[in-house]
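Coordinate analysis (summary)
Each chain, letter by letter, is given below.
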Amino acid sequence: MLQVITVLEIAGVYALLALGLVMIYRTSRVLNLAQGELAIICAYVAAVTTGSGFPWFLAIPATLATGAVAGAVIYISTMRPILGESPVVGIMTTVGVAILIRGLMVIFFGGDTTMLDSPFGDTVVLSGIEIGSEHLFVLGGSWGCVLLIILFNFYSSTGLLMRAVSDDVTLAAQRGIDVDRIVGIAWVLALVVGAMAGYLHGQRALISTAATLIGVNALIAAFIGGMDSFRGAIVGALTVAVVEFVTIQLVESHWAEIALVVLMLVVLTFRPWGLFGTVEELERV
Amino acid sequence: MSAGRPDPAGRPPTLPTRITHRFELFRGREWAWLGMGAVAALAWPLLVTQHWLHITNLSLIAVMGAVGLNLLTGNARLVSLGQAAFLAIGGFSAGAMAHHFAAPFWLSLIVAMLLGGLFGLIVAIPSLRLKALYVAITTLALHFGVTAAFAVYLARVIRSEGILIDPPHFGFFELYDAAPWYYFLLVIAALVVIGALNLQRSHLGRRWVAVADHEVASAALGISIYRAKVSVFVITSMLVSFAGCLGAYYEGVVTEGFYDLHLAIAYLAMIIVGGLGSVLGSILGAFLITLMPYGLDFLLKIGGIKISAGSISGMHSVLYGLLIVGFMLFEPLGLAEIWRRVRDYFTLWPFKYRPLDQLRQR
Amino acid sequence: MKVEARLEIRDVRLNFGEIEALRGVDCGVPSHGITALIGPNGAGKTALLNTVSGIYRPQSGEVLLDGEDLVGLPPHAVAKAGVGRSFQHLELFPRLTVTENLLVARDFLFSGDPVSSMVFYGPARRQEMRHREAVESIVDFFELWPYRDVLAKTLPYGVQKIVGFARAMASEPKLLLLDEPGSGLTRDEKEDLARFLLRLRDDRKIPILWIEHDLDMVLDLADRIYALDLGRVIASGDPGEIRDNAAVAASYVG
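What counts and what doesn't
- Residues numbered from 1 in each chain as written.
- Chains lettered and ligands numbered in written order.
- Predicted model: local features only at pLDDT ≥ 70, side-chain atom pairs only at ≥ 80, totals over all residues.
- Heavy atoms only, no water.
- Helix = DSSP H or I, 4+ residues; strand = E, 2+ residues; numbered from the N terminus.
- Rg over C-alpha atoms; globule rule 2.2 N^0.38 Å.
- Buried < 20%, exposed > 50% of the residue type's maximum accessible area, 1.4 Å probe, protein only.
- pLDDT = per-residue confidence, 0-100.
- Pairing = 2+ DSSP bridges.
- Salt bridge = Lys/Arg side-chain N within 4 Å of Asp/Glu carboxyl O.
- Contact = heavy atoms within 4.5 Å.
- Buried area = accessible area lost by both parts, 1.4 Å probe.
- Polar contact = N/O pair within 3.5 Å; in protein donor to acceptor, adjacent residues only side chain to side chain.
- Phe/Tyr/Trp six-rings, centres within 6.5 Å; stacked < 30°, edge-to-face > 60°.
- Lys NZ or Arg CZ within 6 Å of the ring centre and 35° of its normal.
- Core = buried A, V, L, I, M, F, W, Y, C linked by side-chain atoms within 4.5 Å.
- Axes fitted to C-alpha atoms, helices over the stretch in contact; angles between N-to-C directions.
- Parallel < 35°, antiparallel > 145°, perpendicular 65-115°, else oblique.
- Left-handed = near helix turned anticlockwise from the far one by under 90°.
- Nonpolar A, V, L, I, M, F, W, Y, C, P; charged D, E, K, R; others polar.
- Expected span 1.5 Å × (residues − 1).
- Bend = angle between axes of the 7 residues up to and from the residue.

Some details on the overall build of chain C
In terms of helices and strands, chain C carries ten helices and ten strands. For chain C, whose C-alpha radius of gyration is 19 Å, the value lies close to the compact-globule estimate of 18 Å for 254 residues. Principal-axis analysis of the C-alpha atoms gives chain C an extent of 60 × 40 × 35 Å. Taken over 254 residues, chain C has a buried fraction of 59%.

Structure, rendered in structure tokens:
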């Protein structure tokens, strides 16, 4: 029971990050390698706000706002100028952004390890088992947000426009969709979601520069599931969480990374487009 | 063709010269510059302190790694975040060979190259069916896999933070001081640079660029995509592991912490700042990025500014980030392109463009 | 006009899921002369060329080059077997010069391990010389002298099309597949193209399978014409027969 909750918590955080990656990839065909860094710097913001005495219902909006501002700034300053250029340019730029944020993290927060306090009491008793309330908060928070993203994507009008852009940018633009605005919204949303993931991560684990590894695990999750599939991101996140948890229980944390890498290489060898991803069309000649 | 009248200036008298002058690495006055550069390089240890000679040595090692990465990322357009992993493979080959077998220097180098090639093959195979963009993730994953494996190796097998490596020796001569190392690395780096330039002008280099630019078209013209991608991965991984092995011998120690993602990104910064696809760019970038932290310290010391060590490392990261993003946005071809433009400006003045038949690609 | 066929396509069928791109195409390219392939957009002309090149694998049928079946071979093996190919859209390698673009087409004729490439002395250098000489003759043939060392991405459109054509020739193929070399060319450039086509046919004796939209040009130059519509050959014959064919007229006019 406790194990299941732990796995679902980890999976929830990964799923949020992976969904952000998928959102960005679908609209702009950019792999955002800075996702983990952005999530963690938002978590630092949360730590600072709660540390200076603000209650959680102010800290969470502050964190999310940081994510939104970061998303807008990154999109406008670095992504919009290179939209439509070779994917290599996009990926390199996000690498630059990632290292930049890592540096800012060290300068402003000293790269210290901190943890967030749970907004609710200490422990709850659930069907005879004592559970830290933060665990339930992470569980509910992450999967609740996952649900919200899915609902947004499939039932809101902006979500519809995003799907149109992801299907065919040119066609969408010709139909009068403001592609620039949609892609911008996708970036902002993805980073708001990423900030939430960072906050939730801080509830159950340490915040440090090393914690940016969650971004890598989320990338692996998105890849296993298929870069352009929401369903894939969730399944991938669950897979990664299970594999990580089991290897840590059986051996140690270093082996978890090795296992994930092997898993990903195997999946990509046999299903290069991921479990649920669309098969990419051949280049046309 | 109507637009293409035969151009007398474009047709020197004999066929062989007309062909060779188009793929010579250096010609005419460039040899003179090269000679002067060589003299300066030989005299360098006499001119600088041990500290700066040490930094030069680090830069020379970085040149080899950057040249390898640039062939892969600049020419074949396969973005690799696995640079630190391949350097680590070289470094740990050196460490393991020295620790377990007390192996000689040359044997470690060979083992490092073989292992590097093997791991290059391991990432190349799933990458074959993927879009070039995805290679960034397979190599990123490789980075974490390999560094985790070495952490396990250090903890379980060596039971120490790192492995000490004795300096290499040739007969009775031990490669220990900075100056002998400098000459040794200078020769090796020069050989690597010439090798890379030759690769670029050979059919292999053309094939890599062609496959990166248009996969289907190159296949329809007779290129095996499979062989092209595997060859570029294996060759560059061998080269990078070779550089990693040399680096480990130079430092005299290998630790897991040295090969972090920061190192991989520093190498990407080198080739982006220097110029993607340009060997000259790899050299410029390797020197600039290796020098940058020392230069920053130097500036801070002159300015009398005191900052904590942590903040300084943060500033290094921020600078890397700004350099990468800035060059990607404003000058994707890097310093090599800026250098070419400056040179053209002066050689062509008062004109602006070269005549058509004198255009050269590099 | 039953001559020994260089290329024979027999009952080739190609589906993409539900869509039938080719529904049993039969045609042949004799060992000399220009064979043109005409038809409205979506008729399956490029799909047929891609099938010959090995880019698409047909569900059934045979593609015989001098009697040997090409179906199932990967694209690079088809090229090695002697099929040169140009593309409808510009598929030049933008980061390579014109000479290098042509050399890439000869890539499979190169031999030697990476180490000899890194040394680039002796055999590797002589090999490079040899192939550059061969490419020079192509440059001469297509009158590309001023553009030899110009990066492909900086060339004007018309020149890029000619370079694509030249590149298909650079490997000295047994059969040339040209996918709309004339589209987007100016009047002058088209006349150059026609001249090259005729010189290839008469001087170099290379059989050509040529896709073209410009019907007047095809009727002027081709020795044999196949008209394709909706994945089928609807007419074939010499230019005179095609000109008078009711089905062709119907598929063109609508």
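Description of the confidence of the model for chain C
Regions with low pLDDT carry predicted coordinates that are not meant to be interpreted in detail. A residue-level look at chain C finds 97% of positions with pLDDT of 70 or above and a mean pLDDT of 90. Interface confidence for the predicted complex, given as ipTM, is 0.91, next to a pTM of 0.91.

Some thoughts on the pairing of strand β1 (residues 5–16) of chain C
Residues and elements named next belong to chain C. Where β1 meets strand β2 (residues 19–30), nine bridges bridge the pair, whose relative direction is antiparallel. Across the sheet, residue Phe-16 finds its bridge partner in β2, namely Ile-19. What sits between the antiparallel neighbours β1 and β2 is a turn of two residues, in which Gly-17 has the positive phi angle 60°. When β1 meets strand β4 (residues 60–65), the two strands line up antiparallel, connected through five bridges. In the strand pairing of β4, Glu-8 is matched with Leu-64.

Quick word on the pattern of salt bridges
Taken as a whole and assessed by the stated rule, the structure comprises 30 salt bridges over all chains. The partner of A:Asp180 in a salt bridge is A:Arg80, with the nearest N and O atoms 2.9 Å apart. Taken together, the residues span a long stretch of sequence, with A:Asp180 in helix α8 (residues 179–204) and A:Arg80 in the loop between α3 (56–79) and α4 (87–109) at a distance of 100 residues. On the basis of relative accessible area, A:Arg80 is assigned to the partly exposed category, the value being 37%. The salt bridge partner of C:Asp107 is B:Arg207, with a shortest N-O separation of 2.9 Å. Highlighted residues: C:Asp107 in the loop between α3 (98–105) and α4 (114–119) and B:Arg207 in helix α8 (residues 203–213), drawn from two different chains.

A short note on the sheet that holds β1(C)
Within a sheet, each strand pairs with its neighbour through backbone hydrogen bonds, oriented either parallel or antiparallel. The four strands are arranged β2-β1-β4-β5 (chain C) in an open sheet whose pairing can be described as antiparallel. Because the sheet does not close on itself, it has two edges, and the strands there are β2 and β5 (68–69) of chain C.

Remarks on the interface of chain B and chain C
Facing the 49 residues of chain B at the interface are 54 residues of chain C. Between chain B and chain C lies a buried interface of about 4,700 Å² when both sides are counted; carbon and sulfur atoms form 62% of it. Joining chain B to chain C, the criterion identifies four salt bridges. In this assembly, chain B and chain C are joined by ten residue pairs in polar contact (both at pLDDT 80 or more). Secondary structure elements with two or more residues in the side of chain B that touches chain C: α1 (15–20), α3 (50–75), α7 (178–201), α8 and α9 (215–220) of chain B.

Let's talk about the packing of aromatic side chains
As enumerated under the stated definition, the model contains 22 aromatic pairs over all chains in all. Ring centres of C:Phe141 and C:Phe196 lie 6.3 Å apart, and the angle between their planes is 40°; on these two criteria the pair is classed as tilted. Taken together, the residues C:Phe141 in helix α5 (residues 123–141) and C:Phe196 in helix α7 (residues 187–204) connect sequence positions 55 residues apart. Comparing C:Phe141 with C:Phe196, the two get one shared label, buried. Through a chain of ring-to-ring contacts, the aromatic side chains of B:Phe105, B:Phe170, B:Trp181, B:Phe184, B:Tyr249 and B:Tyr250 assemble into a single cluster. For C:Arg167, the ring lying beneath its charged end belongs to C:Phe93, and the centroid distance is 4.8 Å.

Here we look at the nonpolar core
Ranked by size, the top nonpolar core spans 286 residues in total, and within it C:Phe142, C:Leu144 and C:Trp210 carry the most contacts. Top contributing element to this core by residue count: helix α10 (residues 225–251) of chain B, with 16 residues. Setting aside anything within four residues of it in sequence, one finds C:Trp210 in contact with C:Ile34, C:Thr35, C:Ala36, C:Leu37, C:Leu178, C:Pro181, C:Leu197, C:Met217, C:Val218 and C:Leu221.

With respect to the sheet that holds strand β8 (residues 208–211) of chain C
Residues and elements named next belong to chain C. Read from one edge of the open sheet, six strands run β6-β7-β8-β3-β9-β10, paired in mixed fashion. Across the chains shown, the open sheet's two edge strands, defined by having one partner strand only, are β6 (83–85) and β10 (232–237). Between one strand axis and the next, the sheet turns through 20° on average, direction left out of account. Strands β6 and β7 (175–179) of the sheet are contacted by helix α6 (residues 157–169), whose axis makes an angle of about 160° with β7.

Focus on the side chain of A:Ser208
Residue and element names in this part refer to chain A. Along the chain, Ser-208 falls in the loop between α8 and α9 (213–225). Assessed through its relative accessible area of 11%, Ser-208 is described here as buried. Residues in contact with Ser-208, not counting those within four places in the same chain, are Ile-40, Tyr-44, Asp-112 and Thr-113.

What about the packing of helix α1 (residues 2–28) of chain A against α9(A)?
Residue and element names in this part refer to chain A. Interhelical geometry of α1 versus α9 gives an angle of 65° and a closest axis separation of 8 Å. Overall, the two elements α1 and α9 adopt an arrangement that is roughly perpendicular. Pair α1 / α9 crosses with right-handed handedness. Every residue of α9 that contacts α1 at Val-13, Tyr-14, Leu-17, Ala-18, Leu-21 and Val-22 is listed here: Ile-214, Gly-215, Asn-217, Ala-218, Leu-219, Ala-221 and Ala-222. Residue composition of the contact of α1 with α9, by class: eleven nonpolar, two polar and no charged.

Describing helix α12 (residues 279–303) of chain B
Helical geometry: 3.6 residues make up each α-helical turn, so side chains three or four residues apart lie on a common side. Residue and element names in this part refer to chain B. For α12, with 25 residues, the first-to-last C-alpha span of 35 Å sits near the 36 Å given by 1.5 Å per residue. Taking the largest bend as the criterion, α12 deviates by roughly 40°, centred on Met-292, and proline Pro-293 comes between one and four positions later. For α12, every residue scored as buried is listed here: Val-279, Gly-281, Ser-282, Gly-285, Ala-286, Ile-289, Thr-290, Met-292, Pro-293, Leu-296 and Leu-300. For α12, the secondary structure elements touched by its buried residues are α3, α7, α11 (261–274), α13 (309–330) and α14 (334–348). Two to three positions downstream of the cap, the backbone nitrogen of Leu-280 sits 3.4 Å from a side-chain oxygen, assigning the N-cap of α12 to Ser-278. Gly-304 occupies a position one or two residues after α12 and carries a positive phi of about 70°.

Details of the environment of C:Glu180
Residue and element names in this part refer to chain C. Considering the arrangement of structural elements, one finds Glu-180 in the loop between β7 and α7. Residue class for Glu-180 comes out buried when judged on its relative accessible area of 5%. With 53 residues separating them along the chain, Glu-180 and Gln-127 place their C-alpha atoms 33 Å apart. If we skip the residues at most four places from it in the chain, Glu-180 touches Lys-45, Gln-88, Lys-161, Ile-211 and His-213. Separated by 3.4 Å, the side chains of Glu-180 and His-213 make a polar contact.

Quick look at helix α10 (residues 230–250) of chain A
Residues and elements named next belong to chain A. A rise of 1.5 Å per residue sets the reference length of α10, with its 21 residues, at 30 Å; its end C-alpha atoms lie 30 Å apart and thus fit the reference within 8%. Within α10, the full set of buried residues consists of Phe-230, Gly-232, Ala-233, Ile-234, Gly-236, Ala-237, Val-240, Ala-241, Glu-244, Phe-245 and Thr-247. Close packing links the buried residues of α10 with α1, α5 (133–155), α9 and α11 (253–270). One side-chain oxygen at the N-terminal end of α10 lies 3.4 Å from the backbone nitrogen of Arg-231; it belongs to Ser-229.

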